[in-house]
Amino acid sequence: MHKICFVVLLFMLPALSFAQGVKGIVNDEAGNTIPFATIYLKETTTGTTTNDLGEYEIQLPAGKYTIVFQGLGFQKTEVTVNVSDSFITNDIVLKKQEYRIKEVRVYSGGEDPAYPIMRKAISLAPYYQRQTEQYKAEVYLKGSLYMKKIPKLIQRMMKAEVDDNELVIEEGKTYTMESMNEIDFSAPDIYEHTVLSSRSTFPGSEEDNVMSYITYSFYEPHQDMAISPLAPNAFSHYKFVYEGFFYEGDVAVNKIKIVPRRKSQQTYSGYIYIVDNLWNIHSIDVTNNAFFGVINVKQVYAPVKERSWLPISHRFKVEASIMGVKADFRYAGSVKYSDIKLNTNLPVPSTLMKQYAAEEAAKKAAEKQAQKEQEMTRQQKKMEELLAKEELSNRDMIKLSRLIEKESRKEEELKDQSLEIKNTYHFKHKKDSVKKDSTYWESMRPIPLTSDELRSFEIKDSIKLAKMETDTVKTEKKKKSVFSKISGGFLSGHTFYANDSATRITYHGLIGLSQVDFNAVDGWSYEQRFTLRHTIDSLRSWGVTPSVAYAFSREKVLWDANAWYSFGSKSRTRISVSGGQQSKDFNSKYGIDRTLNMISSLFFKDHYMKLYQKDFAAINGSFEPVHGMRVRLAASYSSYKQLENTTNWSIIDQDKDYAPNVPPNDQVTPEHLMDQSDMFTSLEVSYTPRMRYRMYKGRKYNVGSRYPTLTVNYQRGLSNVFDSDADYELFRGEISQKKEWGIFNAFNWQLGAGYFSRNDQMHFSRFQHFNTSEIPVNFKSWENAFMLLDDYRYSTNEWFAKAHVSYTTPYLLLKFLPGLSNRLWTENLYSSYLTQPNYKNYVEVGYSMNQIFLIGSAGVFAGFEDGSYARWGFRVGININ
């Protein structure tokens, strides 16, 4: 989430430019300056703000202008100025906003008057989200970082990584970045972003690393940062309190307090201002308490054209405090709109048409709407019936929001029937965008810099001059740095790139958990591995991964190698050849993690994993014959050898023997474990209807679908081919889907079944194994798993059917408790079913809390056999992927 919140800081905002104009300071009645007060020029549809000190400076050509000053909690003030050939100084005093209370009215259930207002606003959010079809904007963006505190250890580490003449972040200093941009927007989400000029004093960033223009709207129901107070499910997360209204021109604006129902990092607190009868956002001032600090967001909207209310002022402030580092980040911008075009194909709800009737353009739209009344769709009629209600219930609100959302998307769906998801944000730099001097910025900047921000640019300029004068120490430090990186890479692993970066070699290191292993069969073992990858072009690449290990107790050299070649634009074809001699888990797909098995063996004398030796050669291939369908082919020849424990060593309790290396399963006979050979073939076809995809450098990447995935698989063990002993045949099918929405919400389901039509001779490794978890701690996903079943015991070579369902949500049960409500943890429900010849009608249910410290899970599960309680267990998970 911290990545998402940092992107939110580098945000969507707006610009302007000229020479003479008007400047001054905005104060309240007590003489206090008002930072980030909104300033709007009606004639130019330009919005800007004051800086941290309440100062403003607007450069304008000669002429007469009406300037609107406003701040949240203050009355709007309009002034008219005549700009000639010099700056006019005009200090502004904003009066405190006085709020009126509407006539007392009793609503159904005695609820607060804020609720009917918010129901209307939530219902119409999809309309306002798509109201504007097109606009152009000149955008000025400014961000500043003030470092309050840096622990000395972190400061020393940062200094050690840079050269003497490079700028490093220091405590008590301010760092600034600013840019001038042009934005062309086309609905629903196409942005052409051109950086006209930029500069930055942030250490480690080049001057062309400008702040991104990121779209961010509280009308959007599925935000990454937190749950919007205008989301359809907002009433589940917020309480709303009506605090009065004020008039702004001929419109009334309602002030509504947003109160989270519980402390949470996924909610806001603060105020939202809703225009009466139009039910759109007038302004918003909310705070989110993230795990790294406090984020404050302020936005002010204005009717820039006819009924189109667009944000004219954005302000983001972050007070970060994490691992001893404390910093403030402020982000502001100025925008000048032009060429605004409304979405004429979007049906205007009749309740809004009444408000727009005074405008000539709205009158014409009203007449056009009246002509179409006979042609209204069934959904539109339902919308009008709901909008006509004076009071909306929560059910009405959700229904209306969905209808408007569906109606609003019609035009978008007609425009884009393609399954390809195209990049809608196009970013480019104008030539020489970073070669602008201070004179340029002084003439173009609409938000004055503070003295600290100006000083940060002066410091960087002086450092650049120093770097031009001397560069001797830098070369020596660089050599040291390269040597330390290479030597450190051999210990922990490192990736080395060729000069053209087309070839890279990854060495996986001398020391680490992936190099060392211990089990009762091999004893201690040590492995070395590297990966060579070469990219021919954007469509073709190849690679090879060899490894070698030595099992000390078994005195055996183990090895494997895998080589692959990938090609094809849309077919995404991949061919691989592999071979080796390995100690393998009988349940290789879902088996026990080797590191966990090593720890349980050494410290608890519990050796869960059962192993056999596999000497093999295999070839695999996969491709997409048609879009959405994936075909996988496999063939291999293997020689299996039965293994026994060769060591009884452990850190504790060395007198106790390890359990025999025999998988516990009533269906297993000695013939299933004896030495044998196996000629194996497999064909698998999976298909997902209407799979969406992206094209990147000519290559297709699938990104998901609204529909489930169907998979069918056929496996055959061939006898008398290269002396193969195998004789078995499996037909298997599965259908699955995972739907995700909002913040941390997901619903996952899977149904599968299989039947062995032949099982005359087969190794136990070819049985149908299941995703079980006998060990109390695991590193695997808990979706589609049986958390209480012993490993190997329920594997079968006859038939089976299984089902899994899981649901993830930020709040369900324990998260409602005060001490847990502000955590990022998610709550999860699980239900699983399994039946097979020797174990019928097993049902498992569970509850867990995930994302504990971002990687941990803890859950409790219960199992039932034929409707009767059988077992329960507690599980701990660590997700390190």
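This structure is a prediction, so every number in the text was calculated from the model and none was measured. Going along each chain's sequence as written, the residues are numbered from 1 onward. At least 70 in pLDDT is required for a residue's local features to be given in this predicted model, at least 80 for side-chain atom pairs to be given and counted, and no such filter applies to totals for whole chains, interfaces and linings, which use all residues. Derived side-chain values reflect all non-hydrogen atoms in the structure, with water molecules and hydrogen atoms excluded from consideration.

The subject of this paragraph is the overall build of the protein. Tallying secondary structure elements over the protein gives 12 helices and 40 strands in all. Whether two residues are in contact is decided by their heavy atoms: any pair within 4.5 Å suffices. Within the protein, residue pairs in contact and separated by at least 24 positions form 64% of the contacts whose partners lie at least 6 positions apart. Runs of E in the DSSP output that reach at least two residues are strands. Runs of H or I that reach at least four are helices, and both are numbered from the N terminus.

This part takes up the side chain of N587. With respect to the helices, strands and loops of the structure, N587 is situated in the loop between β26 (573-585) and α11 (594-604). Sequence-distant contacts of N587, that is, excluding residues within four places in its chain, are made with H769, F770 and Y792.

Turning next to the pattern of salt bridges. A pair is scored as a salt bridge if a Lys or Arg side-chain nitrogen falls within 4 Å of a carboxyl oxygen belonging to Asp or Glu. One pass over the structure, following the stated rule, counts 30 salt bridges. As a salt-bridge pair, E248 and K76 come within 2.7 Å of each other at their nearest N and O atoms. Note that E248 is positioned in strand β12 (residues 238-248) and K76 in the loop between β5 (63-70) and β6 (77-83), a separation of 172 residues in sequence. Think of it in three bands: residues with accessible area under 20% of the maximum for their type are buried, residues over 50% are exposed, and the middle band is partly exposed, with areas taken using a 1.4 Å probe on protein chains only. Taking relative accessible area as the criterion, K76 reaches 33% and is therefore assigned partly exposed.

A few words on the confidence of the model for the protein. The predictor's confidence in any single residue is recorded as pLDDT, a number from 0 to 100. Averaged over every residue, the pLDDT of the protein is 82; the share at 70 or more is 81%. Contacts for the low-pLDDT stretch residues 1-18, under 50 throughout, to residues beyond four places or in other chains number 85 contacts. For the stretch residues 472-482, pLDDT sits under 50, and the model shows five contacts to residues farther than four places along the chain or on other chains.

Our focus in this paragraph is the environment of S736. Here S736 is to be found in strand β33 (residues 727-741). Excluding its chain neighbours within four sequence positions, the residues that come into contact with S736 are P708, T709, W749 and Q750.

Another aspect to go through is α11. Those residues of α11 that fall on the buried side of the exposure criterion are T595, L596, N597, M598, S600, S601 and L602. By the criterion applied in these results, polar contacts are pairs of N or O atoms within 3.5 Å in which, for protein atoms, one can donate a hydrogen and the other can accept it, and in which residues neighboring in sequence qualify only through two side-chain atoms. Structurally, the start of α11 carries an N-cap: the backbone nitrogen of T595 is 2.9 Å from a side-chain oxygen of D593. Trailing α11 by a residue or two, K605 shows a phi angle of about 60°, which is positive.

On to the nonpolar core, then. The set of buried Ala, Val, Leu, Ile, Met, Phe, Trp, Tyr and Cys residues whose side-chain atoms join them within 4.5 Å is what this entry labels a nonpolar core. Ranked by internal contacts, the top residues of the largest apolar core, which has 76 residues, are L230, F240, I256, I272 and Y337. Examining the composition of this core, we find that 10 residues originate from one element, helix α2 (residues 114-129), more than from any other. Leave out the neighbours within four places in its chain, and F240 touches D112, A114, Y115, M118, P229, A234, F235, I256, K257 and I258.

So, about the packing of aromatic side chains. Pairing of aromatic rings covers Phe, Tyr and Trp, the last counted by its six-membered ring, and requires centre-to-centre distances within 6.5 Å; plane angles under 30 degrees mean stacked, over 60 mean edge-to-face, and any other angle means tilted. Across all of its chains, the model carries 38 aromatic pairs by this definition. Here Y128 and Y219 contribute two aromatic rings whose centre-to-centre distance is 5.8 Å and whose plane-to-plane angle is 20°, an arrangement assigned as stacked. In this pair, Y128 is assigned in helix α2 and Y219 in the loop between β11 (190-200) and β12, connecting sequence segments 91 residues apart. The interplanar angle of 85° and the centroid separation of 5.3 Å between the aromatic rings of Y135 and Y337 together place this pair among those described as edge-to-face. Here Y135, found in strand β9 (residues 132-149), pairs with Y337, found in strand β18 (residues 325-342); they are 202 residues apart in sequence, far enough to count as distant. For Y135, a relative accessible area of 5% corresponds to the buried category. On the accessibility criterion, Y337 (4% relative accessible area) is buried. Put simply, the rings of F586, Y612, Y640, F764, F767 and Y792 pair up and form one aromatic cluster. Two thresholds decide whether a charge sits over a ring: the Lys NZ or Arg CZ must be within 6 Å of the ring centre and within 35 degrees of the ring normal. We note R574 situated over the ring of W564; from NZ or CZ to the ring centre the distance is 4.4 Å. The ring of F616 carries K614 above its face, with NZ or CZ at 5.4 Å from the centroid.

One non-glycine residue, F36, lies in positive phi territory at about 55°. Considering the arrangement of structural elements, one finds F36 in the loop between β1 (21-28) and β2 (38-41). Looking at F36, the relative accessible area reads 9%, which means it is buried. Here N784, not a glycine, exhibits a phi torsion of approximately 60°, which is positive. Its place among the elements puts N784 in the loop between β35 (777-778) and β36 (799-809).

Here M323 shows up in the loop between β17 (308-322) and β18. Residues M323 and I154, spaced 169 residues apart in sequence, show a C-alpha to C-alpha distance of 9.8 Å. Filtering out sequence-adjacent residues up to four positions away, M323 remains in contact with P151 and I154.

If DSSP finds at least two bridges between two strands, the strands pair. With nine bridges connecting them, strand β29 (residues 676-687) and strand β32 (residues 709-718) associate as antiparallel partners. Each bridged residue has a counterpart across the sheet, and for Y687 the counterpart in β32 is L710. In terms of strand pairing, β32 meets β33 through nine bridges, oriented antiparallel. Across the sheet, residue N713 finds its bridge partner in β33, namely R732.

Right, let's talk about a negative patch on the surface for a bit. Patch membership needs two things, relative accessible area over 30% and no salt bridge, and members are linked within 9 Å if like-charged or within 5 Å if nonpolar (Val, Leu, Ile, Met, Phe, Trp, Tyr). The method behind every accessible area is Shrake-Rupley, applied with a 1.4 Å probe, and residues are considered shielded solely by the protein chains displayed. Counting rule applied: Lys, Arg positive; Asp, Glu negative; His and chain ends not counted. Lysine's charge is taken at NZ, arginine's at CZ, aspartate's at CG and glutamate's at CD. There is a patch of like negative charges on the surface, built from E138, E182, D184 and E192. Tracing the backbone through its elements, the reader meets E138 in strand β9.

On to the side chain of E783, then. Structurally, E783 can be placed in the loop between β35 and β36. In terms of polar contacts, E783 uses its side chain to reach the side chain of K738, at 3.1 Å. If near-sequence neighbours (up to four positions away) are discounted, E783 is found in contact with K738, N748, N771, S806 and Y830.

In this section: α2. With 16 residues, α2 extends 22 Å between its outermost C-alpha atoms, agreeing within 8% with the 22 Å of an ideal straight helix rising 1.5 Å per residue. With 15 of its 16 residues buried, α2 lies for the most part within the structure. By this rule the span expected of a helix is its residue count minus one, scaled by 1.5 Å.

Glancing now at the environment of K815. Here K815 is to be found in the loop between β36 and β37 (826-836). By relative accessible area, K815 is classed as buried at 0%. Setting aside residues no more than four positions away along its own chain, K815 makes contact with R262, Q266, P810, L820, S821, R823, L824, W825, E827 and M849. A polar contact is formed between the side chain of K815 and the backbone oxygen of R823, at a distance of 3.3 Å.

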